[in-house]
Amino acid sequence: MTIFRPCIDLHEGKVKQIVGGSLTKTEVRTNFVSDRDASFYANLYREHQLRGGHIISLGANNQQQVLQALAAYPQGLQYGGAVTLENASDYLEAGASHVIVTSYLFASGELSWSRLDALKTAVGADKLVLDLSCRKTADGWMIATDRWQTITRTAIDPQTICELEKHCAEFLVHAADMEGLQAGIDRDLVTLLGNSCTLPCTYAGGAGALEDLQLGNKLSKGRVDLTIGSALDIFGGSGVTLTDCIQWNAKQSSEL
């Protein structure tokens, strides 16, 4: 059954909600900047027993906020943002339940299976989430790295997903072209993920209302979870409340 998964996005030391496709090294379009720190949101999620969410560091100057959030909700949040072979274990020791990795696994636009194997050996596949965040191209959905600005030559398709499932515990998929727009989820991508993934998978991008949870559940046959960011009331949105999402999760649990 599809559940709501929470998020904390950090940019320049602040909790923000951004328009994903705008995130370049020189500028960013922002929907919301919080006056609360990351640990406030981590504590909020812990109090409501919302597990399996992610904290993402977008660029530099976020490390203090990351460590405070992980300490506030140990084993309750996955961490992603410049994760490498050298630092992955540090984030797990700091309290992350899993580490999320994308850019480190790519070299010259190609997936590095040797890097993936080394990272899997270092932390264990059970602690590894592969971020398949993507951009839509004429050739389909292609994994995008470096703040979603570099489009790789690795497509998100059943064959890729099947092969990568041997190396990780979960997938996280940001539809970068939809991120922050609150214009609805990418129906075709959610359907593809639902038909292809046998491991847990979380989709993020475009959700603007509680109905998107219902739609995601239908399209993915309950196999893909959903993150809601900019539309959520705790991030200044008006499309859906955190209470709505908590109640949705409770309802899904009761039907299992």
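Here is what the cut-offs are and how they apply
Residues numbered from 1 in each chain as written. Predicted model: local features only at pLDDT ≥ 70, side-chain atom pairs only at ≥ 80, totals over all residues. Heavy atoms only, no water. Salt bridge = Lys/Arg side-chain N within 4 Å of Asp/Glu carboxyl O. Helix = DSSP H or I, 4+ residues; strand = E, 2+ residues; numbered from the N terminus. Buried < 20%, exposed > 50% of the residue type's maximum accessible area, 1.4 Å probe, protein only. 1 Å grid on protein atoms, 1.4 Å probe; cavity = no way out; pocket = protein on both sides within 12 Å on 5 of 7 lines; lining within 4 Å. Points joined across faces, edges and corners; volume = space filled by probe spheres on them. Nonpolar A, V, L, I, M, F, W, Y, C, P; charged D, E, K, R; others polar. Contact = heavy atoms within 4.5 Å. Polar contact = N/O pair within 3.5 Å; in protein donor to acceptor, adjacent residues only side chain to side chain.

(A) Molecular detail of the pattern of salt bridges. Applying the stated rule across the entire model yields five salt bridges. For Arg153, the salt bridge is made with Glu110, and the minimal N-O distance between the two is 2.7 Å. Of this pair, Arg153 sits in strand S13 (residues 150-155) while Glu110 sits in strand S9 (residues 110-111), and the two are 43 residues apart along the sequence. Since its relative accessible area comes to 54%, Arg153 is described here as exposed. A single salt-bridge network, built from bridges that share partners, covers Arg5, Glu170 and Asp225.

(B) Representation of empty space enclosed by the protein within the structure. Enumeration over the complete set of coordinates arrives at two cavities of 30 Å³ or more. Within this model, the second largest cavity holds a volume of roughly 50 Å³. Together, Val101, Thr102, Leu105, Phe106, Leu111, Leu130, Asp131, Leu132, Ile143 and Leu164 line the second largest cavity.

(C) Representation of the layout of surface pockets within the structure. Roughly 440 Å³ of internal volume is contained in the largest pocket. In terms of lining, the largest pocket is formed by 22 residues, of which the most central are Ser57, Gly81, Ala82, Ser103 and Arg147. Going through the elements one at a time, strand S5 (53-57), strand S7 (98-101) and strand S12 (140-145) are the ones with two or more residues in the lining of the largest pocket. The residue inventory of the lining of the largest pocket, partitioned by class, reads nine nonpolar, ten polar and three charged.

(D) Looking closely at the environment of Trp141. Tracing the backbone shows Trp141 in strand S12. Taking the C-alpha atoms as reference, Trp141 lies 19 Å from Pro200; in sequence the two are 59 residues apart. Residues in contact with Trp141, not counting those within four places in the same chain, are Cys134, Arg135, Lys136, Thr154, Ala155, Ile156, Asp186, Asp188, Leu189 and Leu192. A distance of 3.2 Å separates the side chain of Trp141 from the side chain of Asp186, its partner in a polar contact.

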